[in-house]
Amino acid sequence: SKGDAQAKVTIVEYASFTCPHCATFHREVFPKLKAEFIDSGKVHFIYREVYFDAPGLWAGLIARCADETKYFGLVDLLYLNQDKWIIGSSETEILKNLVTIGSQAGLEKKQIGECLRNEKKALNLVKAFQENSKKDGISSTPSFVINGQLYKNIGYEGLKTEIERLLN
């Protein structure tokens, strides 16, 4: 999560690393949201991964491969380069592309391999995804839960309007 945990507004984003709309949100909308509302302490932002496919789970494992301080940096790299790593014609090629992303973030190939083979972590991630998405009624990405209310694929202006309404 990012921002003040005691903020008046909490936004939970559900996103998949393989979702093109999620990548667009993280490239174009999230920087504005972060600058205007998260960094100022007005919004507590929680990011939750959704796993509709194996490559999305693999990306999640790589994002968690480093210490917590690098998580959002890896998330950014995965979304910024989504069009490059997702285009593999086989699982092996996609995994190779993901290893390249991890290496760009300073992870060692051996460390990345260990992360990708961590079955216990993978099962825990899927379990958390299933429990959280069921609780919040998530069926597509990106979806946002803002102070308990579900919104699907909302743009920056819609987010801003809802945040400002809740802040007043």
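Please refer to the structure higher up on the page.
Rules behind the numbers
Residues numbered from 1 in each chain as written. Predicted model: local features only at pLDDT ≥ 70, side-chain atom pairs only at ≥ 80, totals over all residues. Heavy atoms only, no water. Helix = DSSP H or I, 4+ residues; strand = E, 2+ residues; numbered from the N terminus. Salt bridge = Lys/Arg side-chain N within 4 Å of Asp/Glu carboxyl O. Buried < 20%, exposed > 50% of the residue type's maximum accessible area, 1.4 Å probe, protein only. Pairing = 2+ DSSP bridges. Axes fitted to C-alpha atoms, helices over the stretch in contact; angles between N-to-C directions. Contact = heavy atoms within 4.5 Å. Phe/Tyr/Trp six-rings, centres within 6.5 Å; stacked < 30°, edge-to-face > 60°. Polar contact = N/O pair within 3.5 Å; in protein donor to acceptor, adjacent residues only side chain to side chain.

1. Focus on unusual backbone geometry
Looking along the chain, the bond that leaves Thr141 and enters Pro142 is cis, with omega of -10°. As for its position among the elements, Pro142 is in the loop between helix H7 (119–136) and strand S3 (143–146).

2. Examining the pattern of salt bridges
Under the defined criterion, the tally for this structure stands at seven salt bridges. In this structure, Glu36 and Lys160 form a salt bridge, with 3.7 Å as the shortest nitrogen-oxygen distance. Taken together, the positions of Glu36 in helix H1 (residues 20–38) and Lys160 in helix H8 (residues 156–167) put the pair 124 residues apart, joining distant regions of the chain. Judged by its relative accessible area of 22%, Lys160 falls in the partly exposed class. Note that Arg165 is salt-bridged to Glu162, the shortest N-O span being 2.5 Å. Placement of the pair is Arg165 and Glu162 together in helix H8, with a separation of three residues, close to one helical turn. Glu162 gets classed as buried once you look at its relative accessible area, which sits at 10%. Salt bridges sharing partners connect three or more residues here, namely Arg48, Lys135 and Asp136.

3. Looking at the pairing of strand S1 (residues 9–15)
Counting buried positions along S1 yields six of seven residues, so the element is predominantly enclosed. Judged from the seven bridges that link them, S1 and strand S2 (residues 43–49) form a sheet pairing that is parallel. Within the sheet, the bridge partner assigned to Thr10 lies in S2 and is His44. As defined by bridge partners, S1 adjoins S3 across four bridges and the pair is classed as antiparallel. Following the sheet pairing, Val12 is matched in S3 by Val145.

4. Things to note about the sheet that holds S1
The sheet built from four strands is open, its strands ordered S2-S1-S3-S4 with mixed pairing. This sheet does not close on itself; its edge strands, each paired only once, are S2 and strand S4 (149–152). Averaged over all pairs of adjacent strands, the angle between their axes in this sheet comes to 20°, without regard to strand direction. Along the sheet face, helix H3 (residues 71–80) touches S1 and S2 and points at about 60° away from the line of S2.

5. Observations regarding the packing of aromatic side chains
Under the counting rule described, the total for this entry stands at 11 aromatic pairs. Both rings, one in Tyr51 and one in Phe129, keep their centres 5.8 Å apart while their planes meet at 80°; by these two values the pair is edge-to-face. Here Tyr51, found in the loop between S2 and helix H2 (54–63), pairs with Phe129, found in helix H7; they are 78 residues apart in sequence, far enough to count as distant. Among the aromatic residues, those joined into a ring-pair cluster are Phe17, Tyr47, Tyr71, Phe72 and Tyr79.

6. A closer look at the side chain of Thr18
With respect to the helices and strands, Thr18 occurs in the loop between S1 and H1. Within polar-contact distance, the side chain of Thr18 engages the side chain of Ser16 at 2.9 Å. At a separation of 2.8 Å, a polar atom in the side chain of Thr18 contacts the side chain of Asp53. If sequence neighbours within four positions are ignored, Thr18 has contacts with Asp53, Pro55, Gly56, Gln82, Trp85 and Ile86.

7. Notes on the side chain of Glu49
Mapping Glu49 onto the fold places it in strand S2. Accessibility expressed as a relative area gives 5% for Glu49, which makes it buried. In this structure the side chain of Glu49 is engaged in a polar contact, spanning 2.4 Å, whose partner is the side chain of Tyr51. Within the structure, Glu49 has its side chain in polar contact with the side chain of Tyr71 (distance 2.5 Å). In this view, Glu49 contacts Ala15, Phe17, Gly60, Arg64, Tyr71 and Phe129; residues no more than four positions away in its chain are not counted.

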